[in-house]
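Survey of secondary and tertiary structure
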Amino acid sequence: MSASAASAGTGVFVLSLMSIPICYLFNSFIANSAQAFIFAGCSTVIILSIAHFMFKKKAPADPLFYVYAVYAFFSVVNLIIGLEQDNIIDGFVTFYLRQADPHINTAYGHMISYWDGCVHYLMYLLMIAAITWGDSYRAIGLYWVGSFLMRAIVYILGSTVGKHGTEVNYFFLLHMLYISVSVWACFRIFSQPSTQEDELTEAEQKSLLHRPLDLLFIIYLVPAFAFCVFRGLVVLDCSSTWCQEYTQQYEPYLKDPTAYPKVQMLVGMLYSGPYYIITLYGLMVPGCEWMPDLTLVHSGALAQAQFTHICASLHTRTPFSYRVPAGGQPVFLLVNILYALMPQALCYRCRTRPDFFLRPMPDKKTE
């Protein structure tokens, strides 16, 4: 790694921290939405000018370096939003929270601010570091792809069909620009070559009975599939007694009128449900090369989904009638945390021991 590349990576970190004084100035001198829009435009120009000056003749050629540099800046902004919503700090984004984007004031919007400000920010810095070192960041990138896609789908659909659907404004349109650039970044990450080595070991020939860990994952996938379908049926107002009792005792948040939890469960049923079936096949039939990448994307998506769902279900911004009852919290936490952690364990297994998923090389015929 050259000194100029290292300097560019450090510059990204410094640039992201500049969001703190910029947010404070934004909040101190803005009085109405028109001024906010003008100030946001001027701030963007200033940020890009500073970034150009900092990274000139230093930044790597990978265009995603610049994308993640900008995203790291806004991740810190999201962390500031979350901290001010919890009254930990004050005077940084008060105007924004009051007038600009009412969707962010929901419990779900609050949680995605923390997720983006902490987890996504860490991933952006790791990918920027990998780019500056000349290493592959495809694995981290695929994890981010899953997390981003889950966040984007739920946030967009929930914002348009929930009780805040009539309050969509130009800030929501700016969010769509972020979505468009991020989708392009997703395709860039998928197009990168895989770094796993094409070597087969005797694990390729082992039966399922000789792979107890995989057998354990298969046993887990069956109830996980049933759970995601069950919660999808709950938000579709299934009249079953089981659905009604589960909603009342463990997850009343599924009925929240903001629609974010409803969309979350429907996306989970339509996305995670087929994934569990495909994964069952991949764990039983050797040579499924797509398994490590698929588990990375899904584990990122489910980590984001479960974090926001668990925290929003318990947060004070959720109306009391939709929060998890005290008596049902132990079961709620046990089931949902387990549902979030098992995909991470499966992903770790597929990435660290991918032998079973590699295709056997064709035998070379000797003359």
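Residues numbered from 1 in each chain as written. Predicted model: local features only at pLDDT ≥ 70, side-chain atom pairs only at ≥ 80, totals over all residues. Heavy atoms only, no water.

1. Description of unusual backbone geometry
Positive phi outside glycine occurs at N87, with the angle close to 60°. With respect to the helices and strands, N87 occurs in the loop between α4 (64-85) and α5 (94-100). Although it is not a glycine, D237 adopts a positive phi angle of roughly 65°. The exposure class of D237 is exposed, given its relative accessible area of 54%. (Helix = DSSP H or I, 4+ residues; strand = E, 2+ residues; numbered from the N terminus. Buried < 20%, exposed > 50% of the residue type's maximum accessible area, 1.4 Å probe, protein only.)

2. Some details on the pattern of salt bridges
Per the counting criterion, the structure on display carries 7 salt bridges. Of the charged contacts, one joins R138 and D293 as a salt bridge, the two residues approaching to 2.9 Å between their closest N and O atoms. Placement of R138 in helix α7 (residues 138-161) and of D293 in helix α12 (residues 291-314) is noted, with a sequence separation of 155 residues between them. Where R231 meets E251, a salt bridge forms, and the shortest distance between an N and an O atom there is 3.2 Å. Here the residue R231 occupies a position in helix α9 (residues 212-235), and E251 occupies one in the loop between α10 (241-249) and α11 (260-284), the gap between them amounting to 20 residues. (Salt bridge = Lys/Arg side-chain N within 4 Å of Asp/Glu carboxyl O.)

3. Topic: the environment of G109
In this structure, G109 sits in helix α6 (residues 107-133). Spatially, the C-alpha atom of G109 lies 9.0 Å from that of Y260, the residues being 151 residues apart in sequence. For G109, the contacting residues outside a window of four places in its chain are H103 and I104. (Contact = heavy atoms within 4.5 Å.)

4. Examining the nonpolar core
Counting residues in hydrophobic clusters, the biggest one holds 62 residues, and the most contacted among them are Y68, Y124, Y137, W144 and I189. Among the domains, domain 1 (5-191) and domain 2 (208-357) are the pair contributing at least three residues each to this core. Residues within four places of Y137 in sequence aside, it is in contact with D62, L64, Y68, M127, A130, I131, I189 and Q192. Judged by nonpolar contacts, the second largest core, of 26 residues, contains Y220, A224, C243 and C288. (Core = buried A, V, L, I, M, F, W, Y, C linked by side-chain atoms within 4.5 Å. Domains from an automatic or database assignment.)

5. Thoughts on α9
For α9, which comprises 24 residues, the first-to-last C-alpha distance of 36 Å matches the rise-based estimate of 34 Å (1.5 Å per residue) to within 8%. Of all the residues in α9, the buried ones are D214, F217, I218, Y220, L221, A224, F227, C228, R231, G232, V234 and V235. Elements in contact with the buried residues of α9: α10, α11, α12 and α13 (329-352). (Expected span 1.5 Å × (residues − 1).)

6. A few points about the side chain of D256
With respect to the helices and strands, the residue D256 is situated in the loop between α10 and α11. Residue classification places D256 among the buried positions, given a relative accessible area of 3%. Beyond its immediate chain neighbours, meaning those up to four positions away, D256 contacts P261, K262, T318, P319 and Y322.

7. A short note on the UniProt feature "transmembrane region" (unreviewed entry) in the chain
Taking the UniProt record as the reference, the feature "transmembrane region" (unreviewed entry) is found at residues 12-30, 36-55, 64-83, 112-133, 140-158, 170-190 and 215-236. Along residues 64-83, the helical share is 100% and the strand share 0%, with 28 Å between the first and last C-alpha atoms. In residues 112-133, helix accounts for 100% and strand for 0%; the two terminal C-alpha atoms are 30 Å from one another. (UniProt positions renumbered as here; feature names shortened; annotations may be inferred.)

8. Here we look at the side chain of T258
Along the chain, T258 turns up in the loop between α10 and α11. Among the polar contacts listed, one links the side chain of T258 to the side chain of D256, at a separation of 2.7 Å. (Polar contact = N/O pair within 3.5 Å; in protein donor to acceptor, adjacent residues only side chain to side chain.)

9. Here's the deal with α11
The end-to-end C-alpha separation of α11 is 35 Å, in line with the 36 Å expected for 25 residues at 1.5 Å each. Within α11, the axis deviates most sharply at M269, by approximately 30°. (Bend = angle between axes of the 7 residues up to and from the residue.)

10. What about the packing of α9 against α10?
The interhelical angle for the contact between α9 and α10, taken along N-to-C directions, is 85°, at an axis separation of 10 Å. The angle between α9 and α10 falls in the class roughly perpendicular. Note on element contacts: α10 touches α9 through W242, C243, Y246 and T247, opposite F227, F230, R231 and V234. Its residues assigned to classes, the contact of α9 with α10 shows 6 nonpolar, 1 polar and 1 charged. (Axes fitted to C-alpha atoms, helices over the stretch in contact; angles between N-to-C directions. Parallel < 35°, antiparallel > 145°, perpendicular 65-115°, else oblique. Nonpolar A, V, L, I, M, F, W, Y, C, P; charged D, E, K, R; others polar.)

11. Remarks on the packing of aromatic side chains
In this structure the tally under the stated criterion is 19 aromatic pairs. Ring geometry for F148 against Y178: centres 5.9 Å apart, planes inclined by 85°, an arrangement best described as edge-to-face. With a gap of 30 residues between them, F148 in helix α7 and Y178 in helix α8 (residues 170-190) connect regions that are remote in the sequence. With a relative accessible area of 16%, Y178 lands in the buried category. Members of the aromatic cluster, joined through ring pairs, are Y68, Y71, Y124, W144, F148 and Y178. (Phe/Tyr/Trp six-rings, centres within 6.5 Å; stacked < 30°, edge-to-face > 60°.)

12. Considerations on a nonpolar patch on the surface
A contiguous nonpolar surface patch, about 320 Å² in accessible area, is contributed by F13, V14, L17 and I20. With 3 residues, helix α1 (residues 3-17) is the largest single contributor of residues to the nonpolar patch. Mapped onto the fold, F13 is located in helix α1. Note on F13: relative accessible area 39%, which makes it partly exposed. (Patch = residues over 30% accessible without salt bridge, like charges linked within 9 Å, V, L, I, M, F, W, Y side chains within 5 Å. Areas by Shrake-Rupley, 256 points an atom, 1.4 Å probe, with all protein chains shown as cover.)

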